[in-house]
Amino acid sequence: MDLSDIHHLLSERASAFLQRGTHDLFIDGQWSAAHSGQRLTTVNPASEAVIAQVANACPQDVDRAVRAAHRAFHEGPWGRMRPVDRERLMLRLADLIETHAQALAEVESLDNGKSAAIARAVDLNMAIDSLRYMAGWATKIDGLTREHNVPFAPDAQMFTYTRREPVGVVAAVVPWNFPLLMALWKIGPALAAGCTIVLKPAEQTPLTALMLAELVQEAGFPPGVVNVITGDGPGTGAPLVSHPLVNKVSFTGSTEVGKLIGHACMDNMTRVTLELGGKSPVIVLDDCDPATAAAGAANAIFFNHGQVCCAGSRLYVHKKMFDRVVADVADHAAKLTLGHGLDPGAQMGPLVSQEQMERVCGYIDIGRSQGAEVVTGGGRAGQRGYFVQPTVLTGVQPDHRVAREEIFGPVLVAMPYDDLDEVAARANDTPFGLGASIWSNNLSKVHRLIPKIQAGTVWVNCHSTLDPGMPFGGYKQSGFGRDLGRAALDSYLETKSVFIQL
Ligand code: NAI
Ligand code: MG
């Protein structure tokens, strides 16, 4: 399917955006080409057809964007704006995103491969709600006052209080699995706190961030408050995160790149939030109804084609019903319809890129070579587009690479266990600690298990459930700090202690 074939399927705004073909950088409230004149190509992963060219920002462009954000923070009207006016701008942006949600979902679908209907229902709704949730915090950023306790001045009259102040210029580097949603997870708390932002979307999926920049313009944000620069990791992301005028970096992506960014931040003492990879366990206890567990497990791994940081990629089932649950999950997998994201009948789309497809198929082969048995799936689907069959592996040992490393595709590793302590230990036996789900109605067992699990989120009888008010982030090598909730807002604020001797 090529671009001319699909315009009739698109809403007006999506079609008009795509028909432009080439897209510039959004810096200081204006659109400009990259200094180098270079562009990157983005493709529709379902058809491999080119859908747009975007600017490839070089270090000069990064510098221009960061300086614009720095000026907007220190000199522009943004810093003097009342919190209630910041909130109003954020709510206006949320309304605009809602008005154009269908167009954004369609472009997300074409760029990423995911279903437009699911993008509308999940990515867009969550993005809008998260922005509105964070808008509410703008007027609720409080310091505290304290009776003084200065030990060496007991008789002094002292007024002591704390102020919360925005950290300054934020660099947000986001991945391709939920492009617009991840951008808003960073932009929301940054704006609520009063920061300014330079956003770099992933090179595979730059388009909805550019549409968002248009809406930022329409909402009436002062120039330089939100800047969007497109480009790849080494050429654009690396100079951005190490720029000396950046005060905070918020990153979502691979653990490998997260570590590089963490090192770069430490050199400048730049504040940093890292939301990284995972290998999240799905733990089915012996009282669970096998059909419920199987449906839950299938959804936990196959949602967004497994390209989810908290995907339930390791399934632990009590041995007494292991065969039954695995057969049911495999049945769910085999029945999933693969197709183009704009096809309402498609339940699963392609992976985001050829690189990701090869990486995921490579892991399936590694699994096989280490002795895993392929219950269903097992490789690429079709010859065009980056489709991978939903795959279930058994016969996997705890030290096999497919049981330890993040695959980030529709590949589930299923393993039996015997007792609660054993499964807790095995669930924790990876470098990651992002999420975990427990499937049971045995209150006592569930509560005994929750404190044992080393993960930033534990779900019971659900998986990957998110709420704008609930902090999300990782233990261990799944990251540093939290997105969402008040915890995210706090990470965009400094605390200043003030002592006034009267
Ligand atoms: P990545 O971590 O390289 O890319 C994420 C973002 O970081 C992109 O915007 C990229 O341009 C940027 N980036 C890359 N190198 C950078 C650098 N040196 N400095 C600054 N920014 C940089 O992820 P990639 O290579 O696309 O995917 C590889 C694996 O990472 C996946 O297979 C998956 O396992 C994991 N991943 C995890 C995600 C999550 O949500 N936690 C999201 C995307 C990937
Ligand atoms: Mg990479």
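Presented here is a report on the structure given in the accompanying data block. (Residues numbered from 1 in each chain as written. Chains lettered and ligands numbered in written order. Predicted model: local features only at pLDDT ≥ 70, side-chain atom pairs only at ≥ 80, totals over all residues. Heavy atoms only, no water.)

### A closer look at the overall build of the chain
Step number 1: Looking only at helices and strands, the chain features 17 helices and 21 strands.
Step number 2: Out of the 502 residues belonging to the chain, those deemed buried represent 58%.
Step number 3: Carbon and sulfur atoms make up 52% of the accessible area of the chain, which totals about 19700 Å². (Helix = DSSP H or I, 4+ residues; strand = E, 2+ residues; numbered from the N terminus. Buried < 20%, exposed > 50% of the residue type's maximum accessible area, 1.4 Å probe, protein only. Areas by Shrake-Rupley, 256 points an atom, 1.4 Å probe, with all protein chains shown as cover.)

### Here we look at the packing of helix α4 (residues 83–99) against helix α7 (residues 179–193)
Step number 1: Taken N-terminus to C-terminus, the directions of α4 and α7 make an angle of 155°; their axes are 9 Å apart at the nearest point. Our classification of the angle between α4 and α7 gives roughly antiparallel. By crossing handedness, the relation of α4 to α7 is classed as right-handed. Every residue of α7 that contacts α4 at R86, M90 and I97 is listed here: L184, G188, L191, A192 and A193.
Step number 2: Counted by class, the contact of α4 with α7 contains 6 nonpolar, 1 polar and 1 charged residues. (Axes fitted to C-alpha atoms, helices over the stretch in contact; angles between N-to-C directions. Parallel < 35°, antiparallel > 145°, perpendicular 65-115°, else oblique. Left-handed = near helix turned anticlockwise from the far one by under 90°. Contact = heavy atoms within 4.5 Å. Nonpolar A, V, L, I, M, F, W, Y, C, P; charged D, E, K, R; others polar.)

### Comments concerning the site of ligand 1
Step number 1: The immediate surroundings of ligand 1 are formed by 29 residues, with W176, E203, S254, R359 and E406 found nearest.
Step number 2: For ligand 1, an oxygen atom lies 2.8 Å from a polar atom in the backbone of V174.
Step number 3: S254 is positioned with one of its side-chain polar atoms (N or O) 2.7 Å from an oxygen atom of ligand 1.
Step number 4: Considering ligand 1 on its own, with 820 Å² of exposed area, one finds that the protein chains cover 89% of that surface. (Near = heavy atom within 4 Å. Polar contact = N/O pair within 3.5 Å; in protein donor to acceptor, adjacent residues only side chain to side chain.)

### Some details on α4
Step number 1: Taking 1.5 Å as the rise per residue, α4 with 17 residues should run 24 Å; its terminal C-alpha atoms sit 24 Å apart, in good agreement.
Step number 2: Listed in full, the buried residues belonging to α4 are R86, E87, L89, M90, L93, A94, L96 and I97.
Step number 3: Here the buried face of α4 lies against α5 (101–112), α6 (116–137), α7 and α8 (207–219). (Expected span 1.5 Å × (residues − 1).)

### What to know about the sheet that holds strand β5 (residues 50–55)
Step number 1: If you walk across this open sheet you meet the 3 strands as β1-β5-β4, and the pairing is mixed. Among the strands making up the open sheet, the edge pair consists of β1 (22–23) and β4 (39–43).
Step number 2: Sheet topology places β1 next to β5; 2 bridges connect them, and they run parallel. For H23, the partnering residue across the bridge sits in β5 and is V54. (Pairing = 2+ DSSP bridges.)

### Concerning the nonpolar core
Within soluble globular proteins, side chains that are nonpolar tend to cluster in buried spots.
Step number 1: Grouped together as the largest cluster of nonpolar side chains are 104 residues, with contacts concentrated most on I97, F221 and L315.
Step number 2: The element that contributes the greatest number of residues to this core is α7, accounting for 11 residues.
Step number 3: Dropping the residues within four chain positions of it, I97 is found in contact with L104, L124, I128, L131, L184, L212 and L215.
Step number 4: Core analysis: the next-biggest nonpolar cluster, separate from the first, contains 31 residues, L351, M357, V413 and I453 among them. (Core = buried A, V, L, I, M, F, W, Y, C linked by side-chain atoms within 4.5 Å.)

### Quick word on a nonpolar patch on the surface
Step number 1: A contiguous nonpolar surface patch, about 290 Å² in accessible area, is contributed by F159, I500 and L502.
Step number 2: On the secondary structure map, I500 appears in strand β21 (residues 493–501). (Patch = residues over 30% accessible without salt bridge, like charges linked within 9 Å, V, L, I, M, F, W, Y side chains within 5 Å. Salt bridge = Lys/Arg side-chain N within 4 Å of Asp/Glu carboxyl O.)

### Quick word on the side chain of K186
Step number 1: Topologically, K186 is positioned in helix α7.
Step number 2: In this structure the side chain of K186 is engaged in a polar contact, spanning 2.8 Å, whose partner is the side chain of T252.
Step number 3: Setting aside residues up to four positions removed in sequence, K186 forms contacts with A172, V174, S250, F251, T252, D483 and Y492.

### Regarding the sheet that holds strand β13 (residues 280–284)
Adjacent strands of a sheet form backbone hydrogen bonds with each other and so pair up, either parallel or antiparallel.
Step number 1: Strands sit in the order β15-β16-β17-β14-β13-β18-β19 across an open sheet of 7 strands; the sheet is mixed. Edge positions in the open sheet fall to β15 (373–376) and β19 (457–460), since each of these has one partner strand only. On average, each strand axis in the sheet is tilted by 25° relative to the strand beside it, whichever way the strands run.
Step number 2: Strand direction decides the pairing type here: strand β16 (residues 391–394) and strand β17 (residues 411–417), joined by 3 bridges, are parallel. The residue bridging L393 from the neighbouring strand is V413, located in β17.

### Observations concerning the pairing of β5
Step number 1: As paired strands, β4 and β5 are joined by 5 bridges and run antiparallel to one another. Of the residues in β5, the one forming a bridge with V43 is V50.
Step number 2: In this structure, the hairpin formed by β4 and β5 is closed by a connection of 6 residues, where E48 is found at a positive phi of approximately 70°.

### A few points about unusual backbone geometry
Step number 1: A positive phi angle, near 55°, is found at D28, a position not held by glycine.
Step number 2: Assignment of secondary structure puts D28 in the loop between β2 (25–27) and β3 (30–32).
Step number 3: Looking at D28, the relative accessible area reads 29%, which means it is partly exposed.

### Some remarks on the side chain of S313
Step number 1: Locating S313 in the fold gives a position in strand β14 (residues 312–318).
Step number 2: Excluding its chain neighbours within four sequence positions, the residues that come into contact with S313 are K279, S280, I301, V411, L412 and V413.

### Concerning helix α12 (residues 322–335)
Step number 1: An ideal rise of 1.5 Å per residue puts 20 Å on 14 residues; α12 measures up with 20 Å between its terminal C-alpha atoms.
Step number 2: All buried positions along α12 are accounted for by F322, V325, V326, V329, A330 and A333. Looking straight down α12, one finds that the buried residues subtend no more than 135° of arc, so they occupy a single side. Looking at α12, the residues exposed on the side facing more than 90 degrees away from the buried face are D323, A334 and K335.
Step number 3: Residues of α12 that are buried sit in contact with α11 (290–302), β14, β15, β16 and β17. (Arc of directions from axis to C-beta.)

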